[in-house]
Amino acid sequence: MNYRNLSLEEQVAQLFMVGYDGAEPNPVTRRFLERGVGGLIFFRDNFDALQPQTTEAIANRLSSLTRMVPAHLPRPLFGIDQEGGQVERLPHTLFPTALTPRAVALAKEPEQLARQMYAALAQNLVKLGFNLNFFPTLDVNFSRTNPIIGVRSFGDDAATVWRFGQIALEAFEQAGLIAVGKHFPGHGNGTVDSHLDLPTLHFTEEELMPFQQAIDAGLPAMLVAHGFYPALQSTDFEKSVPSSASPAVIQGLLRQRCGFNGVVITDDMCMGAITKHCTPVEAGLASLKAGVDILLYKQSTEDEWAVYQAAVQAFKEGELPLEQLHASLSRIHRLKACYFPEKAIMPSTAGFTPQQCAQQANEIARQGINTLFGNETLLPLPPNQQVLLVHPERSGMGNYAFDVPTSEELDALFRQEGFTNLESLTFPPRQDFQPQAIMENIRQNPQIILMVSFNPLIYTSQADLYTQLRERFPDAPVILASAGTPYDRDALPDPSLHLSLCSYRPATMRALAQVMATGLASEARPLPVAAPKPL
């Protein structure tokens with residue numbers, strides 16, 4: 001494919017990666033496809049709305065989208081955020097849930113688990129027709145109250161992050177899946193969620209290390225964060241733009257100092273960090289001027305089409321140099337030629353039956369529950385013991401809320417494991433609440449308390465509830481299970497036993513109930529690998 005044989009409009013379309021709502025591409029998405037859009041990104045609602053709810057339907061949809069691109073144009077990238085745990089776009093009923101990166105690093109035999117899990121994840125994404133995953137997360141999670149990274153990072157030191165980031169990168173490369181490192185140059189010390197507004201971030205050499213190591217190892221694509229880095233962006237102009245539109249970050253740091261020659265992609269341009277500060281056209285052109293190769297949008301509306309038209313005009317009139325366009329096209333062409341040399345309709349192959357999904361996800365989840373502190377001899381719990389189970393309402397847990405219609409609640413899973421003397425209470429996990437109102441609903445005197453927490457350093461009402469539970473039932477041992485970050489003992493001190501979950505997907509919930517009934521896994525076990533089921 002010679003990109004110079006394409007029209008300018010078709011060339012510029014390669015610089016866009018867009019999404020759409022629901023099962024069917026909307027008219028603007030179809031317009032982008034007809035121009036040969038560089039790629040599509042997929043989210044959970046694309047699959048929840050798909051009928052029938054099967055892996056065959058996913059593979060067929062990706063094949064049909066490929067056919068919407070004219071035959072003379074390059075095949076699009078099909079990208080997804082399938083990190084594991086907190087960030088997963090494919091429904092747990094159709095694709096085996098993986099662990100969050102932090103849970104992987106905390107496992108008993110983490111490297112073995114990481115190799116098996118990321119190899120299976122990459123192979124199964126490719127079977128369905130995806131060719132790009134926005135992973136590994138290479139941020140070092142320096143801030144214990146980071147609202148956007150947290151368990152999505154492998155850890156709070158650079159060596160741990162690269163140790164497991166390298167395993168994921170190698171597994172993706174082996175499977176023929178494009179890995180996209182993120183969020184350059186590091187989002188690990190943030191206190192503002194860039195989905196909501198532009199964070200000011202402290203750049204450190206330590207956080208740069210995993211990105212540099214990934215580049216040296218041949219990382220094919222990099223996602224640039226939306227942030228403001230005072231240490232890097234010192235001029236008046238630089239202070240007026242986010243890092244995703246910063247020549248100092250993209251050209252100076254990423255290209256020149258770090259030596260990155262791969263494809264540079266922005267983070268989602270529909271995030272509040274961008275939309276609260278400038279128009280879509282201003283933001284898109286600024287990022288292109290700074291040297292990004294692909295603009296990423298979670299949606300495709302007339303706003304995104306207006307950015308595309310403005311970019312075409314800017315290249316026509318010389319506001320954006322054609323040399324830059326050709327350099328970006330060369331990098332995009334090299335990426336696509338490496339991972340899919342010829343345009344072809346993706347085969348509609350199935351990945352897993354629901355039973356196979358559950359089997360693999362459950363085995364992974366058991367290995368992701370580990371002791372951080374305390375007395376493991378509390379486990380297993382006697383089935384006739386009076387247990388007070390205090391846990392978060394999943395409807396208020398962001399990405400985890402997607403699973404509510406297709407999975408059982410935690411108290412039901414406990415009862416399936418034989419806990420008949422169970423009292424279950426829930427709390428709203430991501431907002432302030434009055435603990436006394438929950439305490440008033442307790443009817444029995446528990447012999448043991450299990451509290452599933454969710455980032456109480458951020459959502460502090462959980463600490464008040466924990467304190468009141470301890471004061472009212474001083475003789476009951478407390479088992480603390482952290483569904484968010486593993487730092488919860490800073491807010492909820494001195495439990496009898498502290499377990500890390502780092503996730504609240506259905507498989508992890510079931511594994512928690514099983515661990516209470518049978519005890520912790522003594523050793524890692526090979527994961528069951530499902531073979532593709534032919535049509």
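The rules behind these values
- Residues numbered from 1 in each chain as written.
- Predicted model: local features only at pLDDT ≥ 70, side-chain atom pairs only at ≥ 80, totals over all residues.
- Heavy atoms only, no water.
- Helix = DSSP H or I, 4+ residues; strand = E, 2+ residues; numbered from the N terminus.
- Rg over C-alpha atoms; globule rule 2.2 N^0.38 Å.
- Areas by Shrake-Rupley, 256 points an atom, 1.4 Å probe, with all protein chains shown as cover.
- Lys, Arg positive; Asp, Glu negative; His and termini not counted.
- Charge placed at Lys NZ, Arg CZ, Asp CG, Glu CD.
- Buried < 20%, exposed > 50% of the residue type's maximum accessible area, 1.4 Å probe, protein only.
- Pairing = 2+ DSSP bridges.
- Right-handed = clockwise from strand over helix to strand, strands pointing away.
- 1 Å grid on protein atoms, 1.4 Å probe; cavity = no way out; pocket = protein on both sides within 12 Å on 5 of 7 lines; lining within 4 Å.
- Points joined across faces, edges and corners; volume = space filled by probe spheres on them.
- Nonpolar A, V, L, I, M, F, W, Y, C, P; charged D, E, K, R; others polar.
- Axes fitted to C-alpha atoms, helices over the stretch in contact; angles between N-to-C directions.
- Contact = heavy atoms within 4.5 Å.
- Core = buried A, V, L, I, M, F, W, Y, C linked by side-chain atoms within 4.5 Å.
- Salt bridge = Lys/Arg side-chain N within 4 Å of Asp/Glu carboxyl O.
- Expected span 1.5 Å × (residues − 1).
- Phe/Tyr/Trp six-rings, centres within 6.5 Å; stacked < 30°, edge-to-face > 60°.

Caption draft 1: Main features of the overall build of the chain. Helices and strands together make up the secondary structure of the chain, namely 19 helices and 16 strands. Over its C-alpha trace the chain gives a radius of gyration of 24 Å, about what one expects of a compact globule, namely 24 Å for 535 residues. Across its three principal axes, the chain shows a C-alpha extent of roughly 75 × 55 × 40 Å. As displayed, the chain offers around 19400 Å² of accessible surface, 50% of which is attributable to carbon and sulfur atoms. Charged side chains of the chain number 40 positive and 55 negative; the gap between the two group centres comes to 5 Å.

Caption draft 2: View of the pairing of strand β12 (residues 387-392). Summarising burial for β12: six of the six residues are buried, a large majority. Neither face of β12 is left uncovered, since the one carrying V387, L389 and H391 and the one carrying L388, V390 and P392 both have all their residues buried. Bridge count between β12 and strand β13 (residues 422-427): six bridges; the pairing is parallel. Paired with L389 across the bridge in β13 is S424. You can see the chain leave β12, run along helix α16 (residues 410-416) and come back into β13, and the turn it takes is right-handed.

Caption draft 3: The layout of surface pockets, seen in detail. Here the largest pocket defines a volume of roughly 1000 Å³. Around the largest pocket sit 44 residues that line it, and V87, R89, R152, H195 and N399 are the ones nearest its centre. Here the residues of the lining of the largest pocket sort into 19 nonpolar, 11 polar and 14 charged. Approximately 300 Å³ is the volume attributed to the second largest pocket. The wall of the second largest pocket is formed by 16 residues, among which H92, A358, P506, A507 and R510 lie closest to the centre. Mapped by element, the contributors of at least two residues to the lining of the second largest pocket are α15 (354-367) and α19 (506-518). At five residues, α15 tops the list of elements feeding residues into the lining of the second largest pocket. Of the residues in the lining of the second largest pocket, the class split is seven nonpolar, six polar and three charged.

Caption draft 4: Focus on the sheet that holds strand β11 (residues 370-374). Reading across the sheet, the six strands line up as β11-β16-β15-β14-β12-β13 and stay open at both edges, with mixed pairing between neighbours. For this open sheet the edge positions go to β11 and β13, each flanked by a neighbour on one side alone. Ignoring which end each strand starts from, the neighbouring axes of this sheet average 20° apart. Across four bridges, the pairing between β11 and strand β16 (residues 497-500) is antiparallel. In the sheet register, F373 faces β16, and the bridge partner there is H498. Taken strand by strand, helix α18 (residues 461-472) contacts β12, β13, β14 (448-453) and β15 (478-482), and its axis lies near 175° from that of β14.

Caption draft 5: Spotlight on unusual backbone geometry. Cis geometry marks the peptide bond from Q51 to P52; its omega dihedral reads -5°. Residue P136 is bonded to the preceding F135 through a cis peptide linkage, with omega at 15°. Tracing the sequence through the fold places P136 in the loop between β6 (132-133) and α7 (158-175). For D494, which is not glycine, the phi dihedral falls at a positive 60°. Positioned with a positive phi, C502 is a non-glycine residue whose angle comes to about 60°. Within the fold, C502 resides in the loop between β16 and α19.

Caption draft 6: A look at the nonpolar core. Ranked by size, the top nonpolar core spans 120 residues in total, and within it F16, Y118 and F130 carry the most contacts. A total of nine residues in this core trace back to one element, the largest contributor, which is α7. Ignoring any residue separated from it by four or fewer positions in sequence, one finds F130 in contact with F42, F47, I58, L62, F78, I80, L90, L125 and L177. Counting residues in hydrophobic clusters, the runner-up holds 35 residues, among them A365, L381, F419 and V515.

Caption draft 7: Looking closely at the sheet that holds strand β8 (residues 221-224). An order of β9-β8-β7-β6-β3-β2-β1-β10 is seen for the eight strands of this open sheet, with the pairing classed as parallel. The outermost strands of the open sheet, each flanked by one partner alone, are β9 (263-266) and β10 (295-296). Of the strand pairs in this sheet, β8 and β9 are connected by four bridges, and their pairing is parallel. Directly across from A221, in β9, lies its bridge partner V263.

Caption draft 8: Molecular detail of the pattern of salt bridges. Under the definition given, this model contains 23 salt bridges. We note a salt bridge from D81 to R89, for which the minimum N-O separation is 3.6 Å. Accessibility assignment for this pair places D81 and R89 in one class, buried. For the salt bridge of E83 with R152, the shortest nitrogen-to-oxygen distance reads 2.8 Å. With E83 in strand β4 (residues 82-84) and R152 in the loop between β6 and α7, this pair connects stretches of sequence that are 69 residues apart.

Caption draft 9: Representation of α19 in the model. When the terminal C-alpha atoms of α19 are compared, their 18 Å separation across 13 residues agrees well with the 18 Å that a helix rising 1.5 Å per residue should span. Along α19, 10 of the 13 residues are buried, which leaves the element largely enclosed by surrounding structure. Restricting attention to buried positions, one finds in α19 the residues P506, A507, T508, M509, A511, L512, A513, Q514, V515 and M516. Structurally, α19 contributes buried residues whose contacts are with α15, α16, β14, β15 and β16.

Caption draft 10: Layout of the packing of aromatic side chains. On inspection of all chains with the given rule, the structure shows 21 aromatic pairs. When the centroid spacing of 6.2 Å and the interplanar angle of 75° are considered together, the rings of F47 and F130 count as edge-to-face. Taken as a pair, F47 in helix α3 (residues 44-48) and F130 in the loop between α6 (110-128) and β6 lie far apart in primary sequence, 83 residues in all. Residue classification places F47 among the buried residues on the basis of a relative accessible area of 3%. Residue class for F130 comes out buried when judged on its relative accessible area of 2%. Plain terms: the ring middles of Y118 and F154 are 6.3 Å apart, the flat faces sit at 85° to each other, and that makes the pair edge-to-face. One end of the pair, Y118, is in helix α6; the other, F154, is in the loop between β6 and α7, and 36 residues separate them in sequence. Residue classification places Y118 among the buried positions, given a relative accessible area of 0%. Residue class for F154 comes out buried when judged on its relative accessible area of 1%. Among the aromatic residues, those joined into a ring-pair cluster are F16, F32, Y297, W305 and Y308.

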